[in-house]
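Per-entry structural report
Next come the chains, spelled out residue by residue.
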Amino acid sequence: MFKLPLSILLSLFLSINSFNVESWANPSTDIKNTTGISPKSAADYIHAVIEAGRTIYSEVIVERLGVTIDLKATENWKEENTLLLPAQFLLLSSNTSNAKDIGMKYRLMSLWPINAKNGPKTKFEKIGLEETLKFPEKPFTKVVTIKGKPYFKAIYPDKAVTKACINCHNHHPKSPKTDFKMGDVMGGISIVLPLNGNGKNIAEEDYRIPAEVVADYIHSVLESDRQVYSNLVVNRLQEKNIVYASENWWEDNALLLPAQFLLNASDLIINKNIDLHFKLISPWPINKHNGPANEFERKGLKYVVRHPVRPYIEYREIGGRKYFQAVYPDFAVSPACVTCHNNHPNSPKRDFKLNDVMGGIVMTLPLE
Ligand code: HEC
Ligand code: HEC
């Protein structure tokens, strides 16, 4: 399941075919016209990353460990030293991301919420949830104006993908609906993106969001999932001696390493054919394959180690298509990151501290 060769292939491909932004520099109109991403595509990327994290957490963590080592996911996970419920994983991750105040917001909700807080809060949300019941194959989207500012709003259906979803909700004392069936739409994931303009224009096609901004949104979801996973799953359960993260998580009936969580999410997204890629690299890699693979990655790592605030970015052309690429700093967000890397026999660096930059997240995004 842990497909390293894929990321290596991708890096090779990128290093052979890419050339620098200088070749189509002089930003003025050219880049402006090519760097924008439609709000619908931006929301699709963000949703794909949310869904990938949710799927890995539900299937590879909760379902597998429930069967193999009888580790349950329960609502009172803190007191009971269990795994968070999949919904709680998403809710905590979205709270983390929303608190960063970068403009994009997302949350999980339903017309039949177990937790009243997760009900629709606006007329748009109510209508959107009703529409996803009627058309469960696509998101409900609209440009709306709030206090003179335009926003793109999308609600993606959230379906009962496993028996556990329906069993737990149908039997939960606070659930207002008790007859969910497999495949039913149980709720929705709402994504809100701010747009530029005076709010008079409500045609989706007329708006574009700069690639840098879309990349920031996607990165925010990845980083929030990473924070929740490493702190509230790996670090918490390791400290209580309940379960450990291991490179050989499958054989060891263990938790995935945070790096494996992210790479598995990337693989799921590659399979969806939306051409969004991300991976982890470092100047001090435990696995040599995770060193910088080309000039762009070398420059990017150098840059984020020195300036761990903004990502290093380039616009590149690969096989006749224009791409935006960024290297974001990857921080030691949990004591588990530091302890494991400093003590790993293959780690070339053993003095990481909490919040240090440990490497970078490389993201590749196609431009329209
Ligand atoms: C073991 C029980 C359990 C399982 C399994 C479970 N849920 Fe939930 N779900 C909950 C609880 C409890 C909440 C409320 C969390 C909170 O306090 O915000 C919730 C929240 C939700 C919400 C937000 C609306 C609400 O009801 O508050 C949606 C949508 C949802 N779950 C869908 C799913 C889907 C889809 C699955 C399967 C992938 C799933 N759930 C699996 C218990 C469960
Ligand atoms: C239990 C051990 C463990 C924990 C916890 C852990 N890592 Fe790692 N990490 C590894 C291993 C092992 C690899 C190499 C995986 C591979 O073979 O590609 C890795 C890979 C990485 C890489 C890619 C470069 C490299 O070293 O190969 C980065 C960056 C990274 N981890 C950062 C982090 C951060 C940040 C955290 C906390 C959020 C974290 N790690 C938590 C063990 C761990």
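Preceding this section is the structure that the text describes.
Definitions and limits used
- Residues numbered from 1 in each chain as written.
- Chains lettered and ligands numbered in written order.
- Predicted model: local features only at pLDDT ≥ 70, side-chain atom pairs only at ≥ 80, totals over all residues.
- Heavy atoms only, no water.
- Donors = N, O, S within 2.8 Å, 3.2 Å for Na, K, Ca; no water.
- Helix = DSSP H or I, 4+ residues; strand = E, 2+ residues; numbered from the N terminus.
- Near = heavy atom within 4 Å.
- Polar contact = N/O pair within 3.5 Å; in protein donor to acceptor, adjacent residues only side chain to side chain.
- Nonpolar A, V, L, I, M, F, W, Y, C, P; charged D, E, K, R; others polar.
- 1 Å grid on protein atoms, 1.4 Å probe; cavity = no way out; pocket = protein on both sides within 12 Å on 5 of 7 lines; lining within 4 Å.
- Sits in = over half its atoms within 2 Å of the grid points.

1. Focus: the coordination of the iron atom of ligand 2
- Donor atoms from the protein around the iron atom of ligand 2 number only one, H341 (NE2), found at 2.1 Å.
- In this structure, H341 sits in helix α12 (residues 335–343).

2. A few points about the coordination of the iron atom of ligand 1
- Here the protein supplies the iron atom of ligand 1 with just one donor, H169 (NE2), and that contact is 2.0 Å long.
- Inspection of the secondary structure assignment puts H169 in helix α7 (residues 163–171).

3. Overview of the site of ligand 1
- The local shell around ligand 1 holds 23 residues, among which I114, N118, C165, C168 and H169 are the closest.
- Within the backbone of I114, an N or O atom sits 2.7 Å from an oxygen atom of ligand 1.
- Considering every element that reaches the shell around ligand 1, the biggest residue donor is α7, with four residues.
- Of the residues in the shell around ligand 1, the class split is 13 nonpolar, six polar and four charged.

4. Thoughts on the site of ligand 2
- The environment of ligand 2 is made up of 24 residues, and the closest members are I286, N290, C337, C340 and H341.
- Taking I286, its main chain carries an N or O atom lying 2.7 Å from an oxygen atom of ligand 2.
- Judged by its atoms lying within 2 Å of the grid points, ligand 2 is housed in the second largest pocket.
- Mapped by element, the contributors of at least two residues to the shell around ligand 2 are α8 (211–239), α10 (258–271), β7 (277–281), β9 (321–331) and α12.

Purely geometric numbers; function is a separate question.
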